[in-house]
Amino acid sequence: MNTLHDATYTCQTVSVSVPATSANLGPGFDTLGLALDYRDHATFTLLNSQNPADVQVIIEGEGAQSLPTDASHLVIRAFYQACDALGLPKRAVRLEAHNTIPQSRGLGSSAEAIVTGVTAAAAFAGLTGEQAKDFIFELAARIEGHPDNVAPAVYGALTASWVTGDASEQHYHTVRYPVRAAIHAWVIIPDYQLSTKAAREALPHDVPRADALLNVSRATLLPAALVDGIAYTSTIGAGISTTGAKPTGACDSPAAQQQSETTNIEGGQAETASVDDGQAGIVQTNAVQAHRSQTTAVQTNAAQTALPGQDLLLAATEDTLHQRYRSSLMQPSWDVMQALRQAGFASTISGAGPCVLVLFNSTDNAEITDGAEIADNAVIAVDTNSSVDAQVDEADRRIRAIIEPWLHNSEWRVIHPAIDEHGVMWQCTKEA
Ligand SMILES: Nc1ncnc2c1ncn2[C@@H]1O[C@H](COP(=O)(O)OP(=O)(O)O)[C@@H](O)[C@H]1O
Ligand SMILES: N[C@@H](CCOP(=O)(O)O)C(=O)O
């Protein structure tokens with residue numbers, strides 16, 4: 001990356017907060033990622049020394065016992081790489097990190113660390129708004145080597161990212177999708193770690209054509225399952241597609257009609273990073289050109305059958321490209337994911353594993369309602385007459401019941417974070 005300009009320090013202290021992310025979302029290997037409201041916080045204070053070796057690192061929470069406290073710390077390395085890219089003279093800093101994101105578990109901790117360091121440099125240099133976010137995204141994705149965690153960590157919500165160029169000069173791009181309010185997430189955090197590097201080495205170079213086809217079809221479905229404003233139904237038999245009509249059973253949130261805006265607090269200023277097309281609710285970010293969906297993605301058919309929320313989520317999170325090749329590296333996680341999917345919960349391995357992500361749609365649950373007494377491992381049953389809160393509580397109860405054998409007597413745990421809409425946030429303070 002070229003030096004942007006010869007920047008100078010515009011403040012004395014920078015505070016940064018970055019969400020956890022779940023990448024490789026279902027079929028979206030190296031492309032789809034979701035931001036979760038489960039954050040690490042860091043404060044950078046400029047020291048008098050011009051020597052980076054005088055850096056001070058204080059860590060609380062995750063990694064306090066294991067991460068380095070010198071200039072080899074990933075946040076610090078990313079910070080100095082960004083200083084170079086900005087033309088910002090190197091200064092020693094004190095980093096105070098408050099970490100909650102588990103590391104080497106598939107929740108994007110390395111992307112979070114890199115985004116934190118790059119953001120601090122951008123903030124010290126006085127970058128703001130979209131210019132800041134685009135700089136952070138491009139450099140952080142370059143350092144991480146793949147954009148699928150970095151994009152939601154920077155922009156929030158659901159992101160679909162891609163890379164252009166060749167090995168000598170790569171460019172990173174992303175599209176941001178606001179996620180419908182009915183979508184709820186759980187993450188099951190196992191008691192063991194798996195490094196992304198080791199998990200990447202387990203992947204084959206080639207996959208069968210049928211597997212590639214399945215992944216393309218499921219990845220194309222995901223926005224319909226997750227995104228506000230994209231209505232859906234399924235089609236059966238031969239029929240005529242009439243794009244734009246609203247079918248019976250289509251799940252179209254009322255919020256789809258509203259202007260979608262994402263506000264990011266940054267140095268006390270409001271920053272708007274979204275443009276809504278009023279139909280598909282898809283938001284463009286960064287170097288995104290002409291990838292906006294033009295229509296509400298609905299296909300109807302005379303003999304239509306609605307494919308309601310849960311089933312669509314299940315189909316849209318199927319994958320044949322990466323998860324099973326890595327399963328032997330995280331057998332307990334694979335077993336948990338299978339148990340949840342068999343019970344009707346859309347579950348995927350989060351990132352490179354070993355966490356498991358569960359997605360649940362709190363509307364349109366007719367297909368999973370049978371009103372009968374259900375055993376804990378049977379297909380989920382949620383009373384559609386109940387409130388959203390009651391549905392989510394019931395889903396929560398059932399998820400915990402299904403994974404009880406793994407939770408029992410171990411360090412496994414479950415979190416239920418909101419979908420994060422903001423991405424990275426930062427604040428600059430002039431005085432120490
Ligand atoms: N908050 C952090 N501060 C510094 N380094 C971190 C932090 N989080 C992660 N890392 C580094 O990234 C490594 C984990 O990266 P990775 O294997 O990609 O797992 P993950 O799935 O959590 O991103 C850790 O071993 C550590 O070196
Ligand atoms: N696409 C990457 C995603 C890694 O995510 P992480 O959260 O495990 O760092 C890969 O599969 O390697």
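Going by an unreviewed UniProt entry, the protein chain carries the name Homoserine kinase and comes from Galliscardovia ingluviei. Comment text from UniProt for the protein chain, heading Subcellular location (unreviewed entry), reads "Cytoplasm". What UniProt states about the protein chain under its Catalytic activity (unreviewed entry) heading is, verbatim, "L-homoserine + ATP = O-phospho-L-homoserine + ADP + H(+)".

This structure, assessed with the given rule, holds 13 salt bridges. The partner of arginine 397 in a salt bridge is glutamate 394, with the nearest N and O atoms 3.3 Å apart. With a gap of three residues between them, arginine 397 and glutamate 394 both fall in helix H10 (residues 388-402), about one helical turn apart. Among the residues examined, arginine 397 registers a relative accessible area of 41% and is labelled partly exposed. Taking the relative accessible area as the measure of exposure, glutamate 394 reaches 24% and is therefore partly exposed. Members of the salt-bridge network, linked through shared partners, are Asp37, Arg39 and Asp420.

So, about helix H1 (residues 74-86). Across its 13 residues, H1 extends 18 Å between first and last C-alpha, which sits within 8% of the 18 Å expected from 1.5 Å per residue. Within H1, the full set of buried residues consists of Val75, Ile76, Ala78, Phe79, Tyr80, Ala82, Cys83, Ala85 and Leu86. On the buried face of H1, the contacting elements are strand S2 (32-46), strand S3 (56-61), strand S4 (93-99), helix H2 (109-124) and helix H3 (129-144). Residue glycine 87 follows H1 closely and has a positive phi angle near 75 degrees.

What follows is about the sheet that holds strand S13 (residues 413-415). Strand order in the open sheet formed by four strands is S11-S12-S7-S13, with antiparallel pairing between adjacent strands. Two strands close off the open sheet at either side, each with one partner strand: strand S11 (346-349) and S13. Along the sheet, successive strands turn relative to each other by an average axial angle of 20 degrees, direction set aside. Pairing of S11 with strand S12 (residues 356-361) involves four bridges; the strand directions are antiparallel. Note that in S12 the partner of isoleucine 349 across the bridge is valine 356. Contacts between H10 and the sheet are confined to strand S7 (183-189), S12 and S13, with S7 contributing the most and set at about 20 degrees to the helix.

Quantified by volume, the largest pocket comes out at close to 770 Å³. Looking at the largest pocket, it is lined by 44 residues, and the ones nearest its centre are Leu74, Ser109, Ser110, Glu144 and Thr196. Here the lining of the largest pocket gets six residues from one element, more than from any other, and that element is H2. For the lining of the largest pocket, a count of residues per class yields 15 nonpolar, 19 polar and ten charged. Among the domains, domain 1 (11-179 + 421-431) and domain 2 (183-259 + 268-415) are the pair contributing at least three residues each to the lining of the largest pocket.

Going through the model one piece at a time under the given rule, you end up with eight aromatic pairs. Their ring planes at 70 degrees and their centres at 6.1 Å tell us that phenylalanine 79 and phenylalanine 124 sit as a pair that is edge-to-face. Of the two residues, phenylalanine 79 is situated in helix H1 and phenylalanine 124 in helix H2; the sequence distance between them amounts to 45 residues. Exposure class is identical for phenylalanine 79 and phenylalanine 124. Each is buried. Three or more aromatic residues joined by ring pairs make a cluster, and in this case those are Tyr9, Phe44, Phe79, Tyr80 and Phe124. Geometry around tyrosine 9 places arginine 91 over its ring, the cationic atom sitting 5.5 Å from the centre.

Close to ligand 2 lie 14 residues; Asn24, Asp30, Gly108, Asp148 and Arg200 are nearest. Between ligand 2 and the protein, one listed contact pairs an oxygen atom with a backbone N or O atom of glycine 106 at 3.4 Å. A distance of 2.5 Å is found between an oxygen atom of ligand 2 and a side-chain nitrogen or oxygen belonging to arginine 200. A total of 350 Å² of accessible area belongs to ligand 2 in isolation, and the protein chains cover 98% of it. Its residues placed into classes, the shell around ligand 2 shows three nonpolar, seven polar and four charged.

Moving on, we get to the UniProt feature "domain: GHMP kinase N-terminal" (unreviewed entry) in the protein chain. The sites that UniProt annotates as "domain: GHMP kinase N-terminal" (unreviewed entry) are residues 74-156. With 61% helix and 8% strand, the stretch residues 74-156 has end C-alpha atoms that lie 22 Å from each other.

By nearness alone, 18 residues border ligand 1, and Ser104, Gly106, Ser109, Ser110 and Thr196 come closest of all. Glycine 106 is positioned with one of its backbone polar atoms (N or O) 3.0 Å from an oxygen atom of ligand 1. A distance of 3.4 Å separates a nitrogen atom of ligand 1 from a polar side-chain atom of glutamate 112. The site holding ligand 1 turns out to be the largest pocket. Counting only elements with at least two residues in the shell around ligand 1, the list comes to H1 and H2. Looking at the shell around ligand 1, the element that brings in the most residues is H2, giving four residues. Partitioned by chemical class, the residues of the shell around ligand 1 number five nonpolar, ten polar and three charged.

An ideal rise of 1.5 Å per residue puts 16 Å on twelve residues; helix H9 (residues 331-342) measures up with 16 Å between its terminal C-alpha atoms. Positive phi appears at glycine 344, one or two residues downstream of H9, with a value of about 95 degrees.

The rules behind each value
Residues numbered from 1 in each chain as written. Chains lettered and ligands numbered in written order. Predicted model: local features only at pLDDT ≥ 70, side-chain atom pairs only at ≥ 80, totals over all residues. Heavy atoms only, no water. UniProt positions renumbered as here; feature names shortened; annotations may be inferred. Salt bridge = Lys/Arg side-chain N within 4 Å of Asp/Glu carboxyl O. Helix = DSSP H or I, 4+ residues; strand = E, 2+ residues; numbered from the N terminus. Buried < 20%, exposed > 50% of the residue type's maximum accessible area, 1.4 Å probe, protein only. Expected span 1.5 Å × (residues − 1). Contact = heavy atoms within 4.5 Å. Pairing = 2+ DSSP bridges. Axes fitted to C-alpha atoms, helices over the stretch in contact; angles between N-to-C directions. 1 Å grid on protein atoms, 1.4 Å probe; cavity = no way out; pocket = protein on both sides within 12 Å on 5 of 7 lines; lining within 4 Å. Points joined across faces, edges and corners; volume = space filled by probe spheres on them. Nonpolar A, V, L, I, M, F, W, Y, C, P; charged D, E, K, R; others polar. Domains from an automatic or database assignment. Phe/Tyr/Trp six-rings, centres within 6.5 Å; stacked < 30°, edge-to-face > 60°. Lys NZ or Arg CZ within 6 Å of the ring centre and 35° of its normal. Near = heavy atom within 4 Å. Polar contact = N/O pair within 3.5 Å; in protein donor to acceptor, adjacent residues only side chain to side chain. Areas by Shrake-Rupley, 256 points an atom, 1.4 Å probe, with all protein chains shown as cover. Sits in = over half its atoms within 2 Å of the grid points.

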